[in-house]
Amino acid sequence: MRIGVDYYPEHWGRERWEQDARLMLKAKIKVIRVGEFAWSLYEPKEEVYEFAWMDEIIDFFGKKGIKIILCTPSATPPKWMIDKYPGILAEDIHGNTKLFGTRKHYCFNSEIYREKIRKLVGLIAKRYGKNPYVEGWQIDNELGHGNTARCYCEECRKKFIDWLAKKYKTIECLNKSYGTVFWSQIYNSFDEVIIPKAGTCFDFDSGTQGQNPSLLIDYYRFCSDSIISFTKESVDIIKKYSDKPCTSNLLDAAVNSGTGIDYFKLSKELDFVSWDNYIEFQWGKAKMETVSRDHALLRSYKKKPFWVMEQQSGPCGWSKMGPSPDPGKLRLWTYEAVANGADTVVYFRWRACTFGAEQNWHGILGHDGKENRRYAEIMRTGEEMELLSLRVGSLMPKARAAIIKSFDTEWCHTIFQNVEGFQYDNLLLSFYKPFYDMNIPVDFVQAEDELSEYSLVLAPALAFVSEEAKNNLESYAAKGGTLVITFRSAFKDEYNRMLPQTIPGPLAELTGVKVNDYDPQFEKSTSVAGIFGSGTADIWCDIVTPEDAEVLGLYTESYFAGTPCLTRKGTVYYLACDLDDKARSNFTKYLCNQAGIETRLYEQEGIEVVDTTDGKNHVKFILNHNNYNTVIAVNEEYTDFLTDQKVVNTIKLEAYGVAVLGKHLR
Ligand code: GLA
Ligand code: ZN
């Protein structure tokens, strides 16, 4: 466990470095990430390369004992390049060409762009691949951020056609798979296939509504694949010269959701994953369960510890600012990351910049570069992390419950939202929340993954269920695993077409139910009652006939009153509707009880407790997200790692305070 900073030494005069390094070392900052936007410094003119500036940076900070994460600068192709090769610019969903002037203006499929970045990455990797101060690599920066995952240019269309031809072999096969007979869309050759842009059929719709849903999902898959192949290309080049690990900084689920990269797939190309964690800024304040969910996703992609590559360290925003984090929050957020599986937390940014688009984005230091209260808090955190890492290795919570997340399903539900208010990412979060509230860790998995380490698995709205997933879920349940399947599951085929079977097609036998009808809850809700108490469904009601499942809950109004909304066959539950917070929370408690996952009598609001292990030692984190002091009951005996005192019955925590309680510390 350790901390680092995102640093731009090229933004400051060389004479400032000495002071920066001194302050960093004093705060126990062990690593800096550099160079992710520096293409025009590396290649100021075509094929004119300059490395002396970076040689100096790496050498200077490396010699001070600070390690370097070196980035590929692919997010900022320079002006000369755009002028000479304007085809590099991406096209948006309306067909408008992106502009130079910000960043991320490139098309991932542009041949010339790919050639240029391959060459530069090769030169950087060759030059620094064996440099002892470079400890890892970051590919690009926030791949796909700001709707840049999907480009709609002609070059992309051509590549898309190749991708389709490989997948479908013949145009007849594509026509059949897409059902292009609908609205006379039959293609005579792959060359004719379009890219699904916005505003097609309805002039009141600026989205893609009306486009063929099979074409759309393939296009989304193709775009995700394009970014993954782009990433892999950079990783492969680096691997030729360096044995240091490669990562890329991922986005939180809400931002990635719907703009799409399949992070499970992308993660396979990376040695470790990292993400950017902004909690309160210009664009909103994250809920506590949202941040926890994002950390959980990150530890799930590779099932190992991850990094936070950008962690908020001051008030932030572009044109406007969010609040200044209250004293204690920077430290609290760092512990929250570490408790949930992060082993390095890198703060964005070291010092607020005096120029450029992000002048308002504060770092640890303000514009004046002087020590301040944020610096003091980070220094304390850095010292504590150093101590913690002397005692234990990287920590991870050991989850016994998991939620299935499918990017394919996410795209399916963004193409057709099912009903107003239905949002896959929110739905998953709503299932995560009751566990978070009970301090029960949850991992995210794919339906095809090995599930035996979990005693409870939830599959919310899993639209696509492959043959492999079906077999996997069946064998998980056959071995006694508790499984929850919900409404809007198993109703689509891989081409994003409705299944001609009764829902839940491939899962009918496993769940023991038939969905003969449904009632999307548009401007209405329906009351329900059952083992979860009473409540309401506000999004969706499946109207279910149990074949060989017992009934655990019923609709209590509407024309389907008295029919089941929750059933169970063996250890498999079918939840036919969404539930409000209270009913969902009761249901989750019921499930935990059934699956043998311990729950406590009550939890304190705003207190996050995470039990973690490094494989040998047990560490309990207690995090006070409240702005008041409180006392928390601790049942077993621990050593408070921060004070070295014994903790027996209770522990006092200040506002935003943290306790790190150890057992069997070495
Ligand atoms: C993102 C980017 C950073 C910076 C911050 C602040 O996370 O990765 O380069 O732009 O946001 O906006
Ligand atoms: Zn393109």
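Note that the structure is predicted; figures quoted are calculated from it, not measured. The residue count restarts for each chain, going from 1 along the sequence in the order it is written. To read the labels, note that chains go from A and ligands from 1, taken in the order they are written. Given that the model is predicted, a residue must reach a pLDDT of at least 70 before its local features are reported, and side-chain atom pairs must reach 80 or more before they are shown or counted; all residues, however, enter totals for whole chains, interfaces and linings. Water and hydrogen atoms were dropped before computing side-chain values, which therefore reflect all heavy atoms in the structure.

A. Structural detail: the coordination of the zinc ion (ligand 2). Donor selection uses N, O and S atoms within 2.8 Å of the metal (3.2 Å for Na, K and Ca). Since no water is included, sites may look incomplete. All of the protein donors around the zinc ion (ligand 2) are C107 (SG), C151 (SG), C153 (SG) and C156 (SG); their distances to the metal are 2.2 to 2.3 Å. In these descriptions, tetrahedral denotes four donors with every angle between 85 and 135 degrees, square planar four donors and octahedral six donors with opposite donors over 155 degrees apart and the rest between 65 and 115, and irregular any other case. Between the four donor atoms coordinating the zinc ion (ligand 2), the angles at the centre fall across 96 to 116 degrees, so the site counts as tetrahedral. Of note, the zinc ion (ligand 2) draws all its donor residues from one chain, in the sequence arrangement C-x43-C-x1-C-x2-C.

B. Structural context of the pairing of strand β2 (residues 29-34). Counting buried positions along β2 gives five out of six residues, so the element sits mostly inside the fold. The pairing criterion is simple: DSSP has to find at least two bridges between the two strands. Here a helix means four or more residues in a row that DSSP labels H or I, a strand means two or more in a row labelled E, and each is numbered from the N terminus. Examined bridge by bridge, strand β1 (residues 2-6) and β2 share four bridges and lie parallel to one another. The residue of β2 that forms the bridge with I3 is I29. Chirality of the crossover, the property in question, places the unit of β1, helix α1 (residues 14-26) and β2 among those that are right-handed. As defined by bridge partners, β2 adjoins strand β3 (residues 67-71) across four bridges and the pair is classed as parallel. Bridged to R33 within β3 is I69. Under the scheme applied here, a residue whose accessible area is under 20% of the maximum for its type counts as buried, over 50% as exposed, and between as partly exposed, the area being computed with a 1.4 Å probe on protein chains only. Crossovers are described as right-handed under a simple rule: with the strands pointing away from the observer, the path leading from the first strand over the helix to the second runs clockwise.

C. How the structure looks around unusual backbone geometry. The omega torsion of the bond from F348 to R349 falls at -5 degrees, within 30 degrees of zero and hence cis. When you line up the elements, R349 lands in the loop between β11 (342-348) and α13 (373-391). Cis geometry is found at the peptide bond from I503 to P504, where omega equals -5 degrees. Counting through the fold element by element, P504 comes out in the loop between β16 (482-486) and α17 (508-511).

D. A look at the packing of aromatic side chains. Each pair of aromatic rings taken from Phe, Tyr and Trp, with Trp reduced to its six-membered ring, is defined by centres within 6.5 Å and is described as stacked if the planes are under 30 degrees apart, edge-to-face if over 60, and tilted in the remaining cases. A complete count under the given rule lists 45 aromatic pairs for this structure. Ring plane angle 80 degrees and centroid distance 5.1 Å describe the contact between F264 and Y301, whose orientation is recorded as edge-to-face. Here Y301 lies in helix α11 (residues 288-301) and F264 lies in helix α10 (residues 263-268), a separation of 37 residues in the sequence. F264 sits in the buried class, given a relative accessible area of 5%. Positioned above the aromatic ring of F100, the side-chain terminus of K79 is 6.0 Å from the ring centre. A ring is considered to have a charge above it if a Lys NZ or an Arg CZ atom is located within 6 Å of its centre and within 35 degrees of its normal.

E. Region of interest: the packing of helix α6 (residues 154-168) against helix α8 (residues 213-241). In this analysis an axis means a line fitted to C-alpha atoms, helices contributing only their contacting stretch, and an angle means the value between N-to-C directions, from 0 to 180 degrees. Interaxial distance between α6 and α8 falls to 10 Å at its minimum, and their mutual angle equals 105 degrees. Taken together, α6 and α8 sit at an angle that is classed as roughly perpendicular. Where α6 abuts α8, its residues C156, K159, F160, W163, L164, K167 and Y168 lie against L215, D218, Y219, R221, F222 and D225. Each residue gets one of three labels, nonpolar for Ala, Val, Leu, Ile, Met, Phe, Trp, Tyr, Cys and Pro, charged for Asp, Glu, Lys and Arg, and polar for the others, Gly among them. Of the residues assigned to the contact of α6 with α8, the class counts are eight nonpolar, no polar and five charged. An angle below 35 degrees is read as roughly parallel, one above 145 as roughly antiparallel, one from 65 to 115 as roughly perpendicular, and any other as oblique. The contact rule is simple, with two residues in contact once any of their heavy atoms fall within 4.5 Å.

F. The arrangement of the packing of α8 against helix α14 (residues 407-415) in detail. Viewed as axis vectors pointing N to C, α8 and α14 meet at an angle of 135 degrees, and their least axial separation amounts to 10 Å. As summarised for this structure, α8 and α14 are arranged oblique, according to the angle between their axes. Read as a crossing pair, α8 and α14 show a hand that is right-handed. Between α8, through P213, L216, I217, Y220, R221 and S224, and α14, the contact on the second element is made entirely by D408, W411, C412, T414 and I415. Of the residues belonging to the contact of α8 with α14, the class tally is seven nonpolar, two polar and two charged. Here a crossing is called left-handed whenever its near helix is offset anticlockwise from the far helix by less than a right angle, and right-handed whenever the offset is clockwise.

G. Region of interest: the nonpolar core. Joining through side-chain atoms within 4.5 Å is the link that ties buried Ala, Val, Leu, Ile, Met, Phe, Trp, Tyr and Cys residues into a set, and such a set is a nonpolar core. Counting 201 residues, the largest nonpolar core has F61, L70, W350, L456 and F621 as the members making the most contacts within it. Among the elements that line this core, the one with the most residues is α8, at 13 residues. For F61, the residues in contact, after removing those within four places along its chain, are Y7, P9, W17, A21, I32, I66 and I68. Grouped together as the second largest cluster of nonpolar side chains are 11 residues, I607, V609, V634 and A659 included.

H. Quick look at the pairing of strand β22 (residues 564-569). Among the six residues of β22, five are classified as buried, and the element is accordingly described as predominantly covered. Across four bridges, strand β21 (residues 550-555) lies against β22 in antiparallel orientation. Among the inter-strand pairings, L554 is bridged to a residue of β22, identified as P564. The pairing of β22 with strand β23 (residues 572-575) spans four bridges and is antiparallel. Counted as the bridge partner of R568 is Y573 from β23. A loop of two residues connects β22 with β23, the two strands running antiparallel in sequence, and G570 in this loop sits at a positive phi of about 60 degrees.

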